[in-house]
Each structure stands twice: as structure tokens, then as C-alpha cells.
Amino acid sequence: MASSSVNLGKMSRNPGAESASEIGPAALPWGDLSDGLLTPGTRAPIAIFIITRNEEANLPYALASVRDWAKEVFVLDSGSTDKTREIAESMGAQFFFREWDGYVNQKNWGLDNLPFTAPWIFILDADEAITPSLRHEIIRIAIENRCPENGFYVNRHLLFMGKPIRHCGYYPSWNLRFFRRGKARYEQRAVHEHMVTEPPVGYVKGEMEHYDRRGLEYYIAKHNTYSTLEAREYYNLLTGRTAAAAGSFWGDRMERRRWLKTRVWLRLPCRWLVRWVYMYLFKLGLLDGRAGFQFCLFISSYEHQITLKLRELMQQSSEPDIQPKKDISKAPPTAPVEIKPAPPVPPPASSPRPIVQRFDMTDRTPYRLDEYAKRVLWEMTRATLFRFSPRRAYKWRNMLLRLFGGKIGRHAEVRATARIFQPWMLEMAEWSTIGDFVEVYNLGHISIGNHSVVSQRSHLCAGTHDYQLPNLPLLRPPIRIGGGVWVCADAFIGPGVSIGDNSVVGARAVVTHDVPNDVIVAGNPAKVIKPRVMRSEMAVVAQTLAIQLPHATEASAEKAAEKSGPAPSDPAPSETSKSDSVTASSV
């Protein structure tokens, strides 16, 4: 055959330089078949299958790469309004129409109903083209027809904004496209479907070219549709509406991808950021220059769209059905109705109640990625530098807490055995204390006033869930402990509780409501026992001295009596008593 002036090599070097409308379908024969596998006038026993919808910009290039050597070419359209049909028929393809009902159904219907006669089938997208090296390899496989494989994975290279992407995790990009007729079908999936074939399968070295010539606006719109379908697929998977496809980490490439996507990928936080870092840094997208950077940003934004749409679907499914209240302001007056006593309520049926809690709807990643990173770093620090520090090294532990964002006042004391969940959500005033083995579960903010003490094994819990919603969303009500408070051993302070100044929480008390100032509470649930009456400062000093030096207190009393003189009814003090008084005074 005569070589064509337009071939795939030219398209690869400058894709889109000549549009289909400028060249015309008749000017796009594939080219030279000088590889010797086919003689002029003969065709390879291969059928090409393409699905289309408004593909007049891409279809000429796809058909030009196969029309001169494939035995049959089928185009299954779903309602194009451009020149797709004219281009397909003018370039020798057999044109068929079917209403669109999804990628998988469209392709599987074509595999089941189109009049294939060739023993081998190649699935080709309209924005793809077969390179000469790939053409030579699949023609040889089909003509010899002696290989044990029932299908072959084919690699393809992508062009983004006219530039080749050779990294970013998108190259190599293996897809099972070439297979024996009747040996393969597509799995049931809304988007990014994969073909399942009977083993064994193999790989070919030749490549396809993937380039959408309809422009970036269409490319973005297409991925917007893909993200919607992907979010619905994830939603059906998470809610059990569809079963996860079988996959195994120890299986072949496709099974490993299924396992990673269903078991690992869906559980990662900030998937859009993870995907950008993975593509641009780990998969060396930076080596693709500006095109690689822009492509990684585009795919990460696509992943972010999936996350947002999936979250919206989960929220919509968790909202209760709210019926609008009937407006009775304009209702006509009615006659009085005799009121009868209500019939007795029957006992509940023995059938089990429906389950209202939906753990499959809960948010698996309620924190930002930076919060996860800080928590990991803090737990490593707490388990080593904080936990095994000396008992009296309060300044060292305060420094570590401040380093992680805690607001720690002067002379505050935190024991090394205390477990603080998030230091950046903790505030301690001056001279405050957290005792041994105290659990500070501060998902929300916790503040402790000055001169307050939280005794050993107490639990401050600033996190809960909204039990009125089936997906149990996380709540983080703050806890405030005023100044001069004593939280005794083993007490529990619940979310959103405020402890008033100078109050006491008794040992093992469970506090779920606010505590006023200057009271003592105890019990489960905690109740006010009595007010906390504080003695004067001088009384406290005097009592302390009486406990420490009781004999000094007695001597001081006798000395005061001596200065005031003996009482009228008392005899004069003896010499012995004077001596004792002097001795006591000197002491």
C-alpha cells in the first residue's frame, strides 16, 4: 500500500495540528504495511470495537489507525448530533445505534450483539489510536493464533494539552483491550470499568496513543461527569448497595488494584492531597515539566470532587424525612367533636425494631490531615520524652506542651503519667495541677483555672457524638474548670460542662451538667451536697501552726495570761509555773 501523508507519527509529534474538518475523512488512510505480515488486499483477523457520542474531532484519527488492516470495524453510537456517523461510514466502519445506559452496559451489549466474525477483538476508544509497533504485534498474534493467552494488556501514553505524560503514575497505563472473542466481558462498574477475561493473560510491548482533541473544556466536563459516577460507586460500596469486586493483594495487577482501592484508598484522609504528592513526587511527575505539574493538579482536583460529592451523598442519606406541617390558619371552621378516651396502647410487637444507627454512614476521617500528623508526632513525644521524664521536671513537660501549642501558665504542674490527647486544645492557668494518670481527652477545648487541681485518675472528656442522627457525627463541646476548683480522684467531667470557681467535685463523681460557684457536688449523677464555706486566711494559718507546733501554741497562751495578770480568784503563780512559762516562751 502507498504510504499516507498523515500517519500516527505526525499526530504524536503535533497532535491536533490538523483538524478532521480540514483534512477530511478520505485523506486519513492509515499508511504503510511494509512489515510483511499482510499482503495488499488482505486483512488481519481482528475486529475493532469503538463506542462514540459526538466524536467528530477524534474519530478520524482512531479509524485512520485501523481501517486499512482490520477485518471489521464497528462503531456503536449513543445519539451523536455532529458528523460522527458520516465520518464512520465514509471510512468503512459499520455504524450501529443504541440508547446510552452506561459504559459497562453499552460495551457488554456490543460484545454480545454486534455481528463479530473475527476471532480476536480490540476495544478502542474514540480518542485513542494504535501505533505501528502495537499494530505489528497484535497482527502477528492474531495471524499465528497459537498463543495460550486469552487476552492481552495494552499500554498507552497520554497527551495532556499537547504534551506527553510519561510519569505521574499514568505511564505505563495497562488496559486489557485485546482478547479472543467470547473470552472477556466488562465488570459491572459505573465508571473506569475493567475487563475480566479467562486466564491466562499476557502483555504486549506496543502502545496506544490517548489524546482528546475536543479541548480542555470538554476534558474538564467529562471528568466532572466521571467524578459524579465515581462518588456514586463509592457510596454504593460503602452503604452495601453493591458488593466490592473480588480482589487480592497477592493476585495479578488488576486484582491488586481492586484490593487497594476498596480496602486502603477509601480509608485515607485527604485523598486529593495524597494523590497529588503520589503523582508529582513519588511517581516523578515533576519530570514531565509544566504539563506534568498541571496534570497532577487537575487529577487531584478531580479526586477532591469525588470526595465532596461522596460526602454530599452520605449527608443526604443521613437526613431524616421531614414532612411539612399542615397550615391550618386558613382551614374552615369545623363542628365540635366529642372527645373520647384514647384506647390502650398495645404492647410492642415481638418483631425486632429497625436499626437506626448507620455506622456505614459515619465520617471515617473527621480530622484534617495536619491534625493526624500532629497527633502522631505528639504521641511519639508523649510516649518517650514526656512519659519518662523525672517526677519533678514540670518545666520540661510544660515546655513540651507549649511546643505543641498548649497554653500553659507559670508554675503549672502536669504529672508525667497524665495522658493528654491534644496539647493544642489545652489551657492551664498559673498554679494549676493535673495529677497522675489523669485522662485529658480534649477533642474540644479544655481550660483549667488558676490554683485548680485535677486529682489522680480523673477523666476530662470533651468529645461525644450526636445520637439523634444515624451517622453519629462527632461533637467537640469544650470543658471549663474555673479557678480554685478541686476535682477529686476518679471523677468524670462530661462534654460541655463548666465547673464554677471555688467548687469541689467529689471522688468518683460523674458531672454532666454545669456546677455553680462555691459548692460541693458528689454522686452519679453529681448533685450539690452543700456550699463550700471558706475560712479566713488567718484561721488557716493559725490552724496550720497548731497542727505543726502545739506546744508553742500553749506557751503563747500562758504568756498572754501572765501579761494580763492573775485572775482575782486564782492564787499567785508558783515559782515552778513561772519557770515553766519562761522555758516555754524561750522555746
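Please refer to the structure placed before this passage.
Residues numbered from 1 in each chain as written. Predicted model: local features only at pLDDT ≥ 70, side-chain atom pairs only at ≥ 80, totals over all residues. Heavy atoms only, no water.

A. Molecular detail of the overall build of the protein chain. Counting its secondary structure elements, the protein chain contains 15 helices and 30 strands. A buried classification covers 42% of the 587 residues belonging to the protein chain. Once local pairs closer than 6 in sequence are excluded, the contacts in the protein chain between residues at least 24 apart make up 57%. For the protein chain, the accessible area works out to roughly 33,300 Å², and carbon and sulfur atoms hold 57% of it. (Helix = DSSP H or I, 4+ residues; strand = E, 2+ residues; numbered from the N terminus. Buried < 20%, exposed > 50% of the residue type's maximum accessible area, 1.4 Å probe, protein only. Contact = heavy atoms within 4.5 Å. Areas by Shrake-Rupley, 256 points an atom, 1.4 Å probe, with all protein chains shown as cover.)

B. Inspection of the sheet that holds strand β13 (residues 413–414) at higher detail. The sheet built from seven strands is open, its strands ordered β13-β16-β19-β24-β27-β29-β30 with mixed pairing. The sheet is open, and its two borders are formed by β13 and β30 (527–531), each paired with just one other strand. Bridge count for strand β29 (residues 519–522) against β30 is four bridges, and the pairing is antiparallel. When the bridges of β30 are listed, Val519 appears paired with Pro531. (Pairing = 2+ DSSP bridges.)

C. Here's a closer look at the pattern of salt bridges. In the structure shown here, the tally under the stated rule is 26 salt bridges. Note that Lys222 and Asp127 form a salt bridge whose closest N and O atoms lie 3.8 Å from each other. In this pair, Lys222 is assigned in helix α7 (residues 216–238) and Asp127 in the loop between β4 (120–123) and β5 (128–130), connecting sequence segments 95 residues apart. Across this residue pair, the class does not change: Lys222 and Asp127 are buried. Glu303 is paired through a salt bridge with Arg271; the nearest N and O atoms lie 3.9 Å apart. Residue Glu303 is found in helix α10 (residues 289–318), and its partner Arg271 is found in helix α9 (residues 271–282); the two are separated by 32 residues along the sequence. Assigned by exposure class, Glu303 and Arg271 land together as buried. By sharing partners, the salt bridges in this structure join Glu55, Asp127, Asp212, Arg214 and Lys222 into a single network. (Salt bridge = Lys/Arg side-chain N within 4 Å of Asp/Glu carboxyl O.)

D. Fine view of the packing of helix α11 (residues 369–386) against helix α12 (residues 394–403). In contact at an axis separation of 11 Å, α11 and α12 are set at 170° when each is read in the N-to-C sense. Classed by the angle they form, the pair α11 and α12 counts as roughly antiparallel. Along the contact surface, α11 presents Trp378, Thr381, Leu385 and Phe386, while α12 presents Trp396, Arg397, Leu400 and Leu401. Residue composition of the contact of α11 with α12, grouped by class: six nonpolar, one polar and one charged. (Axes fitted to C-alpha atoms, helices over the stretch in contact; angles between N-to-C directions. Parallel < 35°, antiparallel > 145°, perpendicular 65-115°, else oblique. Nonpolar A, V, L, I, M, F, W, Y, C, P; charged D, E, K, R; others polar.)

E. Main features of the state of the cysteines. Taken as a whole and assessed by the stated rule, the structure comprises zero disulfides. Of the cysteine sulfurs around Cys296, a residue in no disulfide, the closest is that of Cys168, at 3.7 Å. (Disulfide = S-S within 2.5 Å.)

F. Main features of the sheet that holds strand β28 (residues 510–511). Strand order in the open sheet formed by five strands is β14-β17-β20-β25-β28, and the pairing between neighbours is parallel. Edge positions in the sheet fall to β14 (419–420) and β28, since each has one partner strand and no second. Here three bridges tie strand β17 (residues 439–441) to strand β20 (residues 459–461), and the two strands are oriented parallel to one another. Bridge assignment links Glu439 to a residue of β20, and that residue is His459.

G. Highlighting α12. Restricting attention to buried positions, one finds in α12 the residues Tyr394, Arg397, Asn398, Leu400 and Leu401. For α12, the arc enclosing every buried residue in end-on projection is 160°, short of the 170-degree limit, so these residues lie on one face. Of the exposed residues in α12, those oriented more than 90 degrees away from the buried face are Lys395 and Leu403. Contacts made by the buried residues of α12 are with α11, β12 (407–408), β13 and β14. (Arc of directions from axis to C-beta.)

H. Quick look at the side chain of Ser65. The residue Ser65 is located in the loop between α3 (59–64) and β2 (70–77) in this model. A relative accessible area of 0% means that Ser65 is categorised as buried. Of the polar contacts made by the side chain of Ser65, one reaches the backbone nitrogen of Ile130; its length is 3.2 Å. (Polar contact = N/O pair within 3.5 Å; in protein donor to acceptor, adjacent residues only side chain to side chain.)

I. Expanded view of the environment of Arg156. Note on placement: Arg156 falls in strand β6 (residues 151–160). Classification of Arg156 as buried rests on a relative accessible area of 17%. Spatially, the C-alpha atom of Arg156 lies 9.6 Å from that of Thr131, the residues being 25 residues apart in sequence. If we ignore the near neighbours within four places in the chain, the residues touching Arg156 are Asp125, Glu128, Tyr170, Tyr171, Ser173, Asn175, Arg177, Met208 and His210.

J. Spotlight on a nonpolar patch on the surface. A surface patch of nonpolar side chains, amounting to about 610 Å² of accessible area, comprises Tyr278, Leu281, Phe282, Leu284, Leu286 and Leu287. One can find Tyr278 in helix α9. (Patch = residues over 30% accessible without salt bridge, like charges linked within 9 Å, V, L, I, M, F, W, Y side chains within 5 Å.)

K. Looking closely at the pairing of strand β3 (residues 94–97). Both β2 and β3 contribute to a ladder of four bridges, which runs parallel. In the strand pairing of β3, Phe74 is matched with Gln94. In this region the chain leaves β2, passes through helix α4 (residues 84–90) and returns to the parallel neighbour β3; the handedness of that crossover is right-handed. (Right-handed = clockwise from strand over helix to strand, strands pointing away.)

L. Seen up close, the environment of His194. As for its placement among the helices and strands, His194 is situated in the loop between β9 (184–186) and β10 (195–197). When its relative accessible area of 16% is taken as the criterion, His194 is described as buried. Taking the C-alpha atoms as reference, His194 lies 7.6 Å from Leu176; in sequence the two are 18 residues apart.

M. Quick look at the environment of Glu128. Structurally, Glu128 is set in strand β5. Considering only alpha carbons, one finds Glu128 and Asn58, 70 residues apart in sequence, at a separation of 7.8 Å. Not counting the four nearest positions on each side in its chain, Glu128 is found in contact with Ala62, Arg156, Arg177, Met208, Glu209 and His210. From its side chain, Glu128 meets the backbone nitrogen of Asp125 in a polar contact 3.0 Å long. Side-chain polar atoms of Glu128 contact the side chain of Arg177, separated by 2.7 Å.

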